[in-house]
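# Close look at the chain arrangement
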Amino acid sequence: MDQTHLHFFQTFMDQKGICTPDTDLSAYEIGARGDTGKAVLVLRPTSTEDISKIMAYAFAHNLHIIPQSGNTGLVGGSVPDESGTQIILSLDRMNTITEIDPINQSAQVGAGVRLSALNTSAHDHGLHLPIDLGSDPCIGGMVSTNTGGSRYLKYRGMREHVMGIKAVLADEHGTIIDALCPLHKNNTGFDVKQLFIGSGGVFGIVTEIAIRLVPVTRQSAAALLIPSSIDDISALLIEVEKRCGTYLTAFEGMSGNAMKAAFHHNPSLPSPFGADDIPDYAILLELGRTWEPRESELTLDEVLETLLSELWDQDVSPLENALLGNADKLWHLRHSISEGVQKSGKLYAFDISFKRGDITCFRKHLEEQLKAHHPELTLCDFGHIGDGAVHSALVLDRQDPRAKDMAYETQIRKWVNDMVVHDFGGSYSAEHGLGRKVQCAYDDYTPDEIKTLSRAIKSAIAPVKIGTIKI
């Protein structure tokens with residue numbers, strides 16, 4: 001790092017705001033999925049105005065900025081490369097909850113506020129941000145990746161919850177865009193916040209957010225559904241939606257291999273199926289209400305039991321079996337899968353999505369292709385069947401010599417993504433956003449017209465080198 005640059009940052013940032021390589025930078029240089037890089041400097045500003053100064057200086061001196069929020073992403077979007085020339089701009093000190101407005105059902109927060117911190121404060125008012133994740137990200141990163149989660153089926157993703165933002169453009173002035181407007185309706189022109197939602201930080205840095213909140217769930221009921229066959233999953237989903245309406249909060253799929261990985265990694269995890277009777281596929285169904293139980297209505301457990309009876313009474317039922325249980329315990333199984341799969345071998349993880357009716361078609365096709373071409377790989381898939389997204393994890397024995405072969409990994413990723421995009425019209429990044437891990441996929445599958453448009457927008461508002469993805 002040129003000492004001139006360092007001295008400039010020291011003119012307006014305190015000692016805690018600047019971390020140099022002679023200190024431990026591992027918390028910023030290592031991502032949640034083990035992605036690593038080397039930063040020349042970590043800057044930790046506390047205000048939008050400081051970020052504006054940083055971006056203007058980066059433009060003047062051709063510095064490369066990597067915005068970083070909670071660093072919980074899974075595609076390498078928040079860690080630097082190995083060049084040792086990039087500056088991490090961490091938002092972890094932008095962690096003020098400015099307001100919780102219970103009447104407007106909204107909050108105003110800094111980009112570095114953790115999801116758990118926001119929900120802890122919002123719960124005091126009977127509200128929450130209902131995006132259910134296996135990690136605890138910061139709100140700014142959730143905006144940048146348009147985070148989805150396990151209850152997307154009911155509540156959708158971040159795009160539907162961002163009411164307004166304040167952002168700093170990656171331009172010569174570090175232009176501050178103040179669109180921090182907490183209105184539920186505001187149709188007065190171009191909706192500039194949409195440029196920053198889901199764009200991976202390549203246009204600028206979101207510093208503050210106005211967030212739409214919803215009432216917390218006061219009642220819930222859950223069950224594990226065992227479909228009669230994989231082909232019956234779509235029919236089962238449609239029947240549940242017709243009969244449960246807005247009570248339906250989650251419809252999560254879990255393959256037998258994925259559940260076995262969770263139980264193997266965590267022997268204390270109780271199995272609702274018994275020790276040796278794990279089905280080929282199970283669906284975690286959850287119903288929820290936002291009001292306290294009333295004497296005049298059926299409980300959600302009764303609603304669920306009625307639903308199951310109606311499904312079983314059909315001439316040709318899509319349901320083979322069902323296990324009712326405590327919602328927290330069933331979700332514990334669902335949330336244990338990700339780590340269990342990671343620990344089961346060398347992991348090639350795919351965050352993909354399809355039209356809902358194509359999920360099972362793709363799954364069957366992938367299984368056939370694996371048997372024919374890559375029998376060394378085990379499919380451990382799970383995810384958000386209700387919204388068409390699935391985490392298809394392929395696991396290779398760590399002792400296999402191919403586990404350390406980057407060319408093999410590149411081949412597998414290209415092979416699967418070609419099937420997803422070309423054969424089934426799906427997405428190679430359903431909810432994890434853009435980062436270095438998906439750069440090749442972005443290059444391969446993004447239409448040239450969209451690349452040209454994206455580059456034109458970036459050239460106009462974000463000429464600074466920013467972020468990890470090259471558009």
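This text goes with the structure placed above it.
The structure contained in this document is the topic of the report that follows.

Basis of the calculations
In this numbering scheme, every chain counts its residues from 1 along its sequence in written order. In keeping with the predicted nature of the model, local features appear solely for residues at pLDDT of at least 70, side-chain atom pairs appear and are counted solely at 80 or more, and the whole-chain, interface and lining totals rest on all residues. Computation of side-chain values: all heavy atoms of the structure, hydrogens and water removed. Basic side-chain nitrogens of Lys or Arg form a salt bridge, by our definition, when they fall within 4 Å of a carboxyl oxygen of Asp or Glu. In this text, helices come from DSSP runs of H or I with a minimum length of four residues, and strands from runs of E with a minimum of two, each type numbered from the N-terminal end. Relative accessibility thresholds used throughout: buried, under 20% of the residue-type maximum; exposed, over 50%; partly exposed, between the two (1.4 Å probe, protein chains only). Aromatic contacts are taken between Phe, Tyr and Trp rings whose centres are within 6.5 Å, Trp giving its six-membered ring; a plane angle under 30 degrees counts as stacked, one over 60 as edge-to-face, and the others as tilted. Working rule: Lys NZ or Arg CZ, within 6 Å of ring centre, within 35 degrees of ring normal, means a charge sits over the ring. For two strands to be treated as a pair, DSSP must find at least two bridges joining them. What counts as an axis is a line fitted to C-alpha atoms, over the stretch in contact for a helix, and the angles between N-to-C directions run from 0 to 180 degrees. Handedness of a crossing is defined here by the sense of rotation of the near helix relative to the far one, left-handed for an anticlockwise turn of less than a right angle and right-handed for a clockwise turn. Residues are treated as being in contact if the distance between any of their heavy atoms lies within 4.5 Å. Each residue gets one of three labels, nonpolar for Ala, Val, Leu, Ile, Met, Phe, Trp, Tyr, Cys and Pro, charged for Asp, Glu, Lys and Arg, and polar for the others, Gly among them.

Going through the model one piece at a time under the given rule, you end up with 23 salt bridges. In this structure, the salt-bridge partner of Glu 376 is Arg 402, at a minimum N-O distance of 3.6 Å. Linking Glu 376 in the loop between α11 (359-373) and β17 (378-383) with Arg 402 in the loop between β18 (389-396) and α12 (406-423), this pair joins segments that are 26 residues apart in sequence. Arg 402 gets classed as partly exposed once you look at its relative accessible area, which sits at 32%. It is possible to trace a salt-bridge network through shared partners that takes in Glu 239, Lys 242, Arg 243 and Glu 310.

Another point: the packing of aromatic side chains. This model, assessed by the stated rule, comprises 10 aromatic pairs. Judged by centre distance (5.9 Å) and plane angle (40°), the rings of Tyr 428 and Tyr 445 are tilted. Taken as a pair, Tyr 428 in the loop between α12 and α13 (439-445) and Tyr 445 in helix α13 lie far apart in primary sequence, 17 residues in all. For the pair formed by Tyr 428 and Tyr 445, the shared burial category is buried. Counting every residue linked through ring pairs, the aromatic cluster contains Phe 8, Phe 9, Phe 12 and Tyr 57. We note Lys 154 situated over the ring of Tyr 155; from NZ or CZ to the ring centre the distance is 5.6 Å.

Glancing now at the sheet that holds strand β3 (residues 64-68). One open sheet holds the 5 strands; their spatial order is β1-β2-β4-β3-β19, and the pairing between them is mixed. Each edge of the sheet is formed by a strand with only one pairing partner; in this case those strands are β1 (18-19) and β19 (465-466). Note that β3 and β19 share 2 bridges and pair parallel. Bridge assignment links His 64 to a residue of β19, and that residue is Lys 465.

Another point: the packing of α11 against α12. Two numbers describe how α11 lies on α12: the axes approach to 12 Å, and their chain directions differ by 145°. For the element pair α11 and α12, the recorded crossing hand is right-handed. Contacts between α11 and α12 involve Phe 362, His 365, Leu 366, Gln 369, Leu 370 and His 373 from the former and Trp 415, Val 416, Met 419, Val 420 and Asp 423 from the latter. Residue composition of the contact of α11 with α12, grouped by class: 7 nonpolar, 3 polar and 1 charged.

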